[in-house]
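Next come the chains, spelled out residue by residue.
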Amino acid sequence: MSFCSFGAFAQASIRGTVTSSDGEPVIGANVIELGTTNGTVTDLDGNYILKVGANAVIEFTYTGYVSQKVTVGAQTMVNVVLLEGVALSEIVVTALGISREKKSLTYAAQTIQGGQLTQVRDANFANTLNGKVAGLVVTNAASGVGGATRVNLRGNRSIQSSNNALFVIDGVPVDNSTPGQVGNDFGGYNGSDGVANINPDDIESISVLKGAAASVLYGSRAANGVILITTKKGGSGAISVDANSGVQFDAPLTLPYLQNEYGQGNGGAFGARASGSWGPKMNNQALTDWTGKSQNLTPQPNNVADFFQIGSAFNNAVGIKAGTDKVQSYFSFTNNQASGVIPGNTLDRNTVNLRISTNLSKKFSTDAKITYVNQMLNNKLRSGEESSEVMNLYKTPRSIRIEDMQNYESESGAPNYWTSSSIYMNPYWTINRTSADEERTRTTGLVSATYQINEEMKVLARVSLDQYTDRGENTFYNNTLLFAQAGGSFQKYFRQVQERNAELLLIGNKKINNNFKLSYTFGLADLARKSDFTQTSANGLLVPNKFDLGFARTLSVGTGFVERDLQSVFGTVQVSLKDYLYLDVTARNDWSSTLPAPHSYFYPSLGLTAVLSDMVELPSFVSFAKFRGSYTRVGNDAAPYLLTQTYSFSQGGIGGFINRDGTQAIGDLKPELTTSVEFGFDGRFFDNRMGLDVTFYRTNSVNQLLSLPLAPASGFSNQYINAGDIQNSGVELTLTGSPIKKDDFVWDLTLNYARNVNTIVSLHPDIKQTFLSSGYGRTAGVLVKEGGAYGDLYADGWAKAPDGQFIMDASGKPVLTATQEFLGNFNPKFTLGLNNAFSFGKISVNVLVDARIGGVMTSGSDANLAFDGNAAYTTAYREGGWVLPGVVKKGESYTPNTTPINAETFWTTVSNGRYSWGQLFTYDATNVRIREAAVGYDFTVNKSFVKKAKLSIVARNLFFLTKGKAIIDVPGVPTRKMWFDPDVNLGAGNYQGIEYGSLPSARSIGLNLNLSF
Amino acid sequence: MFMNMFINIYRLAVLSLLTAIVVSVSSCTQDFEELNTDKTKLTVLTSTELPYLFSKAQSASSYAFWRYQVAQNLFSDLYSQYFATSATYFPSDRYTIRFDWLQWHWIPIYTEAVPQLKTLLKETDANSAENALAKIMWVYSFHRLTDYYGPVPYFKAGEPASSVAYDGQKEIYYDMFTKLDEAVKVLNTNKAKTPYGSFDLIYNGDVNKWIKFANTLRLRLALRISKVDPAKAKTEAEAAVASGVMLTTADDAYMVKSENGGDFNGLAGISVWNEFRMSASMESVLKGYEDPRMSVYFQPAVGTGKFDGLRNGLLPAQLNISINGNDANSNVGTRWTKWSGSSWGGQNTTPQNIMHAAEAYFLRAEGALNGWNMQGASQDLYEKGIETSMRQWGISDAAAIAAYQKSAATPIPPMDGVNSPAMASIAVKWGTSPAIQREQIGTQKWLALYPDGIEAWAEFRRSRYPKLYPIVNSDNSDLPSGTFIRRIPFLVLEKNTNAAAVKAAEGLLGGPDKPNTPLWWDKN
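Caption draft 1: Inspection of the overall build of chain B at higher detail. The number of helices and strands found in chain B is 22 helices and six strands. In chain B, buried positions account for 63% of the 524 residues. Long-range pairs, those at least 24 residues apart, make up 75% of the contacts in chain B with a sequence separation of at least 6. Approximately 17900 Å² of chain B is accessible, and the part contributed by carbon and sulfur atoms is 56%. Looking at charge distribution, chain B has the averaged site of its 50 positive side-chain charges lying 3 Å from that of its 51 negative ones.

What follows is the structure, encoded as structure tokens:
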């Protein structure tokens, strides 16, 4: 929450104190002289001073309270008691940091206060947004603590570009690129993202602008919606200190359902070197096992669960505010330390933040901020079917003792493993003998200056620089399958990313007459982005396991360099009639270096809001009613370097190779275009005890820049085209209520509901479908197909006869479908979040229930558990006699299947481990869970040195209330319930809906202590 | 006082800030073109870059590292039964057609060999050695491609278009003969030149060797069409031999490989993954003949110390049995991979086998049986082929080679998991009837071509030699047990991107677009 003081041009000075109904001072309440731009905020004791003109009416507003208007008259002292309630004239921070009354907005915006994010924590704060905003879907990459997240608002609109919401801090967009997301089910390491660097303790509030409405001000990156973060600022008056200390413990929320009857082996016989659990019943029989010792064959029910450890996270933050009338400062330091549920996977992050705001003269104010983040991620986890930690673990036969596994290395440095594999290894080898570490240093600086030209107009200039360097090292010990060359392998990379924003804004408002008011913003902006990447790989090490480039047998180097510039002119004008009818008109023109001359594209928008409750007399139970509608167009430029045909140099042969790049250049590249229309209603009822905010929207993204396959015989494998029309339409609904509101007991609830329907209206005149990523044969692929929906998954399946019966071959085995089957869509049909907040005196209780209904996810881990005979459901028909109900095709006729098979034959037919019939391992991703629960006790003692003290016990991902099941029931096998958490995906890119060797999500319980001095 | 100074400095700072913004915002779009030029790449080619293009085309046409697996090893290397799949997760050994892997025997040729070769053909003088080498590499690339699929886009290849027409295999073969003839003519007038120098990864710019290479390739193609077009085959074969084919191992074509950029010897690069082992077919023949090449081609199984192979087409449940496991069967020889005691170390810089003199002798031996003038008698050429192959693989003991040439030994049962009989009953010693002699030539050529599964599968389809085992299980209803795969159907990639052309190509194929439809030159 912030309010820009426009300076004072008035005669009389009034002062006073703003308190809440329980006598506590209200800090930071807005005090505004109505009809002017004159205003201030209350200090830490709730005091304010304001010079006002004659006949002034001042309004006191504070988020969460009912505002009050007071006619000053002859008073010099105005004390006000604000009553709690749902704020109507709430101030919302909108694009470019401009505060506006929420009631004037022509688009949907939802606000979250900082406190809602700091109680229940995650190493990447974006994960804590889940369930709190209607229409916001967060999934995270399976790469352990600090991994990237995908934050999507209102569905996916771009086929190949990012569908992530834009994050903006204090008016400045942050680079939230998610480099190196795993985009196929083979897997790899996911990069972190920019949002993970945001320190939740510095957040004052968050506004979520769900549609493209902010695009005119932030440009095309805002087309996926904007998450506006306002950070804390200094205040004048006494020094205040906020300290927060938290500790949290994590354990895996979900693990596979495993069988504990049959031991290592094949065909019912024990095999000391077998990879799976198709061996004999474990009856304590003595056998020589893989260790070479004679041990009894006994179930090891916890050999998977015990591999995990209790993760922990500690955060300590201190924030200091101090200042005078002229200079205010805020300083904070935060340390986060987390270790994940897999040993070795850690995060250590230090954030220093300094902000200085000045009011140097009546007309001149400045704001400067510098944030420094140092983040160290150790032992990032792999995801995917390749030798990831979790995949290696899940492949452990059910009779392997964990203490034997822990002996992962022979004296000669060779890996100890129970089977010979081309890719899988002992998971203890993986965590001890491979590593991926990444250090990020990020500095974000912001300077802005405001000059008040006159009462109605000010100029704001702002320059921000966001720069970070990633320094990574990957090590693979000698003998690591798949990744190590002779002596071991080592890679080192540097990535430097720089983003500079410069803006010049003219902001003003004008009262035309008593009925009409005008406010406007005009601006110029320049956005320069640059990234530079170098990766050096040692192809083998001359001295084994000496991990430095100096030991390399040979080196290979990869580089990347991207530079682009975007210049813009924009303007927005709002006309208001009697403060109940608002019309917004905006327009923007961009010039992008990535487009062909004249580099230019233009996009306008239009919005209208009517506050019905101020226009006409409504029934008394309606406290407030507003209708809004808007139409927005957003243009978007493309990636750089697409206009001219390029040739790449690569290492190899004697002197290297030069190859014409497989993608044909597009000289006549056009900007993408998204149009959106939204209508909404915002109403408060029964003295604000109940609120309803509902939005209907439709967006169409056309002219998308797509890289589509081209017949390779043309010499090119891909071409860029501008095509396609992706439509998203949906509804978002937020219902708030206070069913009980007594002095000693308050119950507030918030319900968020969102449904999005996506349609691929058209793709290309010649090409009607393309894979986002083909999971061919491994799991499932995401096919973008005309008439389909974004996120449709296809995979191999079990063939069915025309009458719907399963088909078997002559030997009784299932038959593969001729073509890939449609499985479902990875997006939820709808999402629901229900937050209940109770407060009984000093105790507050908060419970967030989060539901994701519909959507499917395919699990590659599950396919491996089936193939290896580790899954609980593989125990049926181990001894044979399994006659699958269905038919056998002979010529063109079908006869009933009568041939029995056994479980091993069945499960090794439908899954070959790494490759599988994805349809059989696809689950309905529906789930309802207790997302968050917190109990807080406020033990503040009045008038003591400690102004505020609150202790909370917090929990995240407590348990599931319900979970989906497999989309195919295998006859003779009990219903298979989804055992994994669909929040965790392979990566945070557009290839969603796939679980493969993914780290289980965490159930967390923690303690949080918040003190203010 | 202090405050005033502070304010003044601040004012100054802000004023410069404002100026900076105005300047940067109004700097306009003049430098956009330069800004939008990728510094990590080239946008203009000069004559300096041409050798690099040639290197790329060579490397792309004979696959490095993982592409070798998906283009060749998971298909033709199995179809020719040099190897059998030991991994449970690869169904291609049971004739499951995996188009997503197979497209790697398509995309590299068209997007990495063809564009560079077309540039070279256009940018170099038609009578230069550089131009001639580009033509030879064109033929080398395309004959391996067309022999998988049949009709492929050829005459219009590399011309940017949304649809590229396919050409019939006959027209393609005729043009390949023409190109080789033209290239040799040009090379004969440029014998002192060293085209591309060390960027020629095969012969280091040695024009005389390239002439032999081109003629041997021409001879190979002539034999390929000997059943469908005997007259043309005779003409081309005799012209090739007259012009001079490979004679000794000094003429052999290998390609330089590098540790850098993943430009590994293909077979070496993938040999560390434990996904294939010696086939029972190789075991039956090499063991039966007590062939000295056994210990060069393969090495003893790490679990048993013995040479062992497994049959093609086993089910996952069969592969899970230990006798079919990786530890119990032979990996490729130490030329490609070495066992450290716990894992395999790929010999990634081992030069890749491209084409060898031994093959030329077997081609001539068969041509002589056809009554063509091959400048030698069939038996002599056959025996010379055996000797040259032995020498190629480092076996120089003349007495041992002579004993082998006269051996009456025949293939033996491989003692595998499915109790296979001996693969065939043919002996090494030159037989008495043309039928036996043809089988002998085919069997010995199969042994000599190792590990080039692309060529071996093509020659098996044409000649039906050697008499390979049927695969144990087929997952493909078009190829029931006892039948052999005849071709790769047109790629799904092509059906998605070049649909009309694929449809038209079915007419050129002379049968349905199925794996059991024979190619033009396959008259079995």
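Caption draft 2: Examining the packing of helix α19 (residues 434–449) of chain B against helix α20 (residues 453–463) of chain B more closely. Residues and elements named next belong to chain B. As a packed pair, α19 and α20 sit with axes 9 Å apart at the nearest point and diverge in direction by 170°. The angle between α19 and α20 places the two elements in the roughly antiparallel class. The handedness of the crossing between α19 and α20 comes out as left-handed. Residue-level contacts link Lys445, Trp446 and Leu449 of α19 to Glu455, Ala456, Glu459 and Arg462 of α20. Split by residue class, the contact of α19 with α20 holds three nonpolar, no polar and four charged.

Caption draft 3: Structural context of the sheet that holds strand β5 (residues 57–61) of chain A. Residues and elements named next belong to chain A. Strand order in the open sheet made by the four strands is β3-β2-β5-β7, with antiparallel pairing throughout. The strands lining the two open edges of the sheet, one partner per strand, are β3 (39–41) and β7 (68–71). Put simply, the sheet's adjacent strands are angled 20° from each other on average, direction ignored. One ladder, built from three bridges, connects strand β2 (residues 30–33) with β3; its direction is antiparallel. When the bridges of β3 are listed, asparagine 30 appears paired with valine 41.

Caption draft 4: Representation of empty space enclosed by the protein within the structure. All names here are of chain A. Using the criterion set out here, one finds 16 cavities of 30 Å³ or more in the structure. Within this model, the second largest cavity holds a volume of roughly 240 Å³. Among the secondary structure elements, those contributing two or more residues to the lining of the second largest cavity are β18 (226–231), β26 (346–359), β27 (364–378) and β29 (434–454).

Caption draft 5: Expanded view of the side chain of B:Ser330. Residues and elements named next belong to chain B. Mapping serine 330 onto the fold places it in the loop between α15 (316–319) and β4 (337–339). What makes serine 330 buried here is its relative accessible area of 0%. Among the polar contacts made by the side chain of serine 330, one reaches the main-chain carbonyl oxygen of glutamine 299 at a distance of 3.0 Å. Leave out the neighbours within four places in its chain, and serine 330 touches Arg277, Met278, Phe298, Gln299, Pro300, Ala301, Lys306, Phe307 and Asp308.

Caption draft 6: Structural context of the environment of B:Tyr174. Residue and element names in this part refer to chain B. Residue position: tyrosine 174 is located in helix α9 (residues 169–188). Take tyrosine 174: its relative accessible area is 29%, and that puts it in the partly exposed class. Counting along the chain gives 269 residues from tyrosine 174 to threonine 443, while the straight-line C-alpha distance between them is 28 Å.

Caption draft 7: Representation of the packing of helix α16 (residues 357–369) of chain B against α19(B) in the model. All names here are of chain B. Axis separation between α16 and α19 bottoms out at 9 Å; the angle between their running directions is 165°. Classified by the interaxial angle, the pair formed by α16 and α19 is roughly antiparallel. Of the two elements, α16 crosses α19, and the hand of that crossing is left-handed. Side by side, α16 and α19 meet where Ala358, Glu359, Phe362, Leu363, Ala365, Glu366 and Leu369 of the first sit next to Pro434, Gln437, Arg438, Ile441, Gln444, Lys445, Ala448 and Leu449 of the second. Residues of the contact of α16 with α19, tallied by class, amount to nine nonpolar, two polar and four charged.

Caption draft 8: View of the pairing of strand β42 (residues 718–741) of chain A. Residues and elements named next belong to chain A. Where strand β39 (residues 663–664) lies against β42, two bridges are found, and the strand directions are parallel. Bridged to glutamine 664 within β42 is glutamine 719. Where strand β41 (residues 690–709) lies against β42, 19 bridges are found, and the strand directions are antiparallel. What sits directly across from phenylalanine 696, in β42, is valine 731.

Caption draft 9: Structural view of helix α7 (residues 860–867) of chain A. Across the eight residues of α7(A), eight count as buried, placing the element largely inside the fold. When we look at burial in α7(A), the residues that qualify are A:Gly860, A:Ser861, A:Asp862, A:Ala863, A:Asn864, A:Leu865, A:Ala866 and A:Phe867. In the core, the buried residues of α7(A) are packed alongside α3 (389–394), β51 (856–859), α8 (903–910), β54 (922–924) and β59 (994–995) of chain A together with α15 of chain B. A side-chain oxygen of the first residue of α7(A) lies 3.4 Å from the backbone nitrogen of A:Ser861; this N-cap is A:Ser859. Looking one or two residues beyond α7(A), the residue adopting positive phi is A:Gly869, at roughly 70°.

Caption draft 10: Fine view of helix α8 (residues 129–149) of chain B. Residues and elements named next belong to chain B. The end-to-end C-alpha separation of α8 is 31 Å, in line with the 30 Å expected for 21 residues at 1.5 Å each. Within α8, 20 of the 21 residues are buried, which leaves the element mostly enclosed by the surrounding structure. Phi turns positive, to about 95°, at glycine 150, one or two residues after α8.

The rules behind these values
- Residues numbered from 1 in each chain as written.
- Chains lettered and ligands numbered in written order.
- Predicted model: local features only at pLDDT ≥ 70, side-chain atom pairs only at ≥ 80, totals over all residues.
- Heavy atoms only, no water.
- Helix = DSSP H or I, 4+ residues; strand = E, 2+ residues; numbered from the N terminus.
- Buried < 20%, exposed > 50% of the residue type's maximum accessible area, 1.4 Å probe, protein only.
- Contact = heavy atoms within 4.5 Å.
- Areas by Shrake-Rupley, 256 points an atom, 1.4 Å probe, with all protein chains shown as cover.
- Lys, Arg positive; Asp, Glu negative; His and termini not counted.
- Charge placed at Lys NZ, Arg CZ, Asp CG, Glu CD.
- Axes fitted to C-alpha atoms, helices over the stretch in contact; angles between N-to-C directions.
- Parallel < 35°, antiparallel > 145°, perpendicular 65-115°, else oblique.
- Left-handed = near helix turned anticlockwise from the far one by under 90°.
- Nonpolar A, V, L, I, M, F, W, Y, C, P; charged D, E, K, R; others polar.
- Pairing = 2+ DSSP bridges.
- 1 Å grid on protein atoms, 1.4 Å probe; cavity = no way out; pocket = protein on both sides within 12 Å on 5 of 7 lines; lining within 4 Å.
- Points joined across faces, edges and corners; volume = space filled by probe spheres on them.
- Polar contact = N/O pair within 3.5 Å; in protein donor to acceptor, adjacent residues only side chain to side chain.
- Expected span 1.5 Å × (residues − 1).

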